[in-house]
Each structure stands twice: as C-alpha cells, then as structure tokens.
Amino acid sequence: MNERKAYKLYENSIKIIKENQHKNGGFYASPPGTRYPYIYTRDHSIVILGAVEAGLLKEAKKALEFILNSPKPSGEFSQRYDTDGIDTSYKDLQIDGNGLILFALGKYYDVTKDDEICEEYWDVIKKAVEYVLRHKNDEIDLIHTLNSIHEYPAYEHGYEIFANSACCSGIFEAVKIGKAIGKDKDVYEWEKEAEKIRHSIF
C-alpha cells in the first residue's frame, strides 16, 4: 500500500466525519443537500466507532449524547432521526440499531473510562438491552428480526445473523459497563442471556 495515499485517505475521512456532524451531535448519513440528510441509527453508530478509533472523543461523546437522548419509551432506537432527535423513520424496527449503539458506547468507554455518561444514561442503556431481550425467542435463543442491514426482506425477516451479532455484542458491552459502574445486579441476567445468544449464533 502507498503510505502517502493511505494517509491522505485517512485525513479526508477525518474531515468528512467532522463536517458531517450536526451541531446537535448527530452524524448525517450523507451531507445536507444530498440524498440522506438524516441521522440513521445504524450509520451514526458506525461513524461513532470511527471517531473513537481516530481519537475524536469530543465528537464521539456528542454523538452518543445525541442518540442516547432519542430512544422511544420502549427502549427502541428508531431507524432514523432529524437533527432535533425527532423520529423520522419510514421502516419498521431495525433492532441491530440497539445493539450497535450499545457497542459504540462500550468502545467509547474502553478508551475514556467515562463513568459520567454511563451513569447519566444508565436507564436508557437498561431499557435498550431489555428491549432487545424482549425480541429473543427463548426456544432457539436468537433475536427475531424484521429488518436488518441488507434492507431486503428475503434476507432479513427471521433470525438474521448481522442483527443477532450486533445485539449480542451490544449486550456484552452493556454488561461490561454495568460491572464497571457498580450495576452488577442489573447485568447478571443480561450476561447469561448474551451467552445463550452467542452460543446459538455459533
């Protein structure tokens, strides 16, 4: 690989991440004025992971605060939001979004050990995990999916692998955070359920 070209690509990626973040913290799926000027939970989560890896921790925290302020009362994170955090979804539940948000928060926590954000949003984290687990089929220990990353019903509806992996990983991150901030009682059952899901995925 040409190191100069690789570094130029990296620099451009950082520029795009910064330019595509709204002042409220949401990362646009595509720049304003283009096709997707919304904050999609799935895309937003992945960009947060990129920001964390790049050391853009202020941007990552702002993005996490945006989304952690936006769940439905049920604990579900919607398919997409406007810049004020208002649900503008046009598709049914995409449950991998819950897993991805929890996963991104866990990776941010690994780097920052930011107990404050986790304490502040613990009720949101708790509801997000419990929402996922309400969609688990206890006979086969997999999470039922309506929509997922493929956005093609024939591949998504049932027990889709990406969504199950995202949710399982997200629950494990929530367990890790809970143990770190003294919420062991909350996370005891989550860890057992996540282990069941992981076993069923394999």
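Just so you know, these numbers come straight off a predicted model, no measurement behind them. (Residues numbered from 1 in each chain as written. Predicted model: local features only at pLDDT ≥ 70, side-chain atom pairs only at ≥ 80, totals over all residues. Heavy atoms only, no water.)

Enquirer: Just checking my understanding: could you explain the overall build of the chain for this structure?
Expert: From N to C terminus, the chain includes nine helices and four strands. Relative to the 2.2 N^0.38 estimate, which gives 17 Å for 202 residues, the radius of gyration of the chain is 17 Å and therefore close to what a compact globule would have. The dimensions of the chain, computed from C-alpha atoms along their principal axes, are 50 × 40 × 40 Å. Counting only contacts in the chain whose residues sit at least 6 apart along the sequence, the fraction spanning at least 24 positions is 61%. For the chain, the computed accessible surface area is about 10,700 Å², with 51% contributed by carbon and sulfur atoms. Taking the average place of the 27 positive charges on the side chains of the chain and the average place of its 34 negative ones, the gap between the two points comes to 4 Å. (Helix = DSSP H or I, 4+ residues; strand = E, 2+ residues; numbered from the N terminus. Rg over C-alpha atoms; globule rule 2.2 N^0.38 Å. Contact = heavy atoms within 4.5 Å. Areas by Shrake-Rupley, 256 points an atom, 1.4 Å probe, with all protein chains shown as cover. Lys, Arg positive; Asp, Glu negative; His and termini not counted. Charge placed at Lys NZ, Arg CZ, Asp CG, Glu CD.)

Enquirer: Mind showing me how you'd approach helix H2 (residues 41-53) here?
Expert: One turn of the α-helix equals 3.6 residues, which is why residues spaced by three or four share an orientation. Between its first and last C-alpha, H2 extends 19 Å over 13 residues, near the 18 Å set by a 1.5 Å rise per residue. Turning to H2, its buried residues number three or more, namely Thr41, Arg42, His44, Ser45, Ile48, Leu49, Ala51 and Val52. Against the buried residues of H2 lie helix H1 (3-19), strand E1 (39-40), helix H3 (57-68), strand E2 (80-81) and helix H4 (96-112). Downstream of H2 by a residue or two, Gly55 has a phi angle that is positive, lying close to 80°. (Expected span 1.5 Å × (residues − 1). Buried < 20%, exposed > 50% of the residue type's maximum accessible area, 1.4 Å probe, protein only.)

Enquirer: What is the right way to read the pattern of salt bridges from this model?
Expert: Side chains that carry opposite charge are capable of pairing whenever their charged atoms lie near each other. In total, this model carries 16 salt bridges according to the counting rule given. Across the pair Glu191 and Lys179 runs a salt bridge whose closest N-O atoms are separated by 3.0 Å. Taken as a pair, Glu191 in helix H9 (residues 184-201) and Lys179 in helix H8 (residues 161-180) lie far apart in primary sequence, twelve residues in all. Residue Glu191 is classed as partly exposed on the basis of its relative accessible area, which comes to 27%. Note that Arg198 is salt-bridged to Glu195, the shortest N-O span being 2.9 Å. Of this pair, Arg198 and Glu195 both sit in helix H9, three residues apart, which is roughly one turn of that helix. Overall, the relative accessible area of 34% leaves Arg198 in the partly exposed class. Among the charged side chains, a network of salt bridges with common partners joins Lys136, Asp138, Asp141, Glu193 and Lys196. (Salt bridge = Lys/Arg side-chain N within 4 Å of Asp/Glu carboxyl O.)

Enquirer: Is there a simple way to think about the packing of aromatic side chains in this case?
Expert: Within a pair of aromatic rings, the relevant descriptors are the distance that separates the centres and the angle that separates the planes. Tallying each qualifying case throughout the model produces four aromatic pairs. For the ring pair Tyr36 and Tyr40, a centre distance of 5.8 Å and an interplane angle of 90° mean the geometry is edge-to-face. The buried category is assigned to Tyr40, whose relative accessible area is 8%. The ring of Tyr38 is capped by Arg80, whose NZ or CZ atom sits 3.7 Å from the centre of that ring. (Phe/Tyr/Trp six-rings, centres within 6.5 Å; stacked < 30°, edge-to-face > 60°. Lys NZ or Arg CZ within 6 Å of the ring centre and 35° of its normal.)

Enquirer: Is there a simple way to think about the environment of Tyr28 in this case?
Expert: Counting through the fold element by element, Tyr28 comes out in the loop between H1 and E1. Separated by 53 residues in sequence, Tyr28 and Tyr81 have C-alpha atoms that sit 9.6 Å apart. Once residues within four sequence positions are removed from consideration, Tyr28 is found in contact with Asn20, His22, Pro37, Tyr38, Ile39 and Thr83.

Enquirer: What should I look at first to understand H1 in this one?
Expert: Taking 1.5 Å per residue as the helical rise, H1 with its 17 residues ought to reach 24 Å, and the 24 Å between its terminal C-alpha atoms agrees with that figure. Where H1 begins, one side-chain oxygen reaches toward the backbone nitrogen of Arg4, 3.0 Å away; that side chain belongs to Asn2. (Polar contact = N/O pair within 3.5 Å; in protein donor to acceptor, adjacent residues only side chain to side chain.)

Enquirer: In this structure, what is going on with the environment of Thr41? I would like to understand it.
Expert: Structurally, Thr41 is set in helix H2. Looking at Thr41, the relative accessible area reads 2%, which means it is buried. As for Thr41 and Ala29, which are separated by twelve residues in sequence, their C-alpha atoms are 9.2 Å apart. Apart from residues no more than four positions distant in its own chain, Thr41 is found in contact with Ile67, Phe77, Ser78, Gln79, Tyr81, Gly97 and Ile101. Looking at Thr41, its side chain comes within polar contact range of the main-chain oxygen of Ser78, at 2.5 Å.

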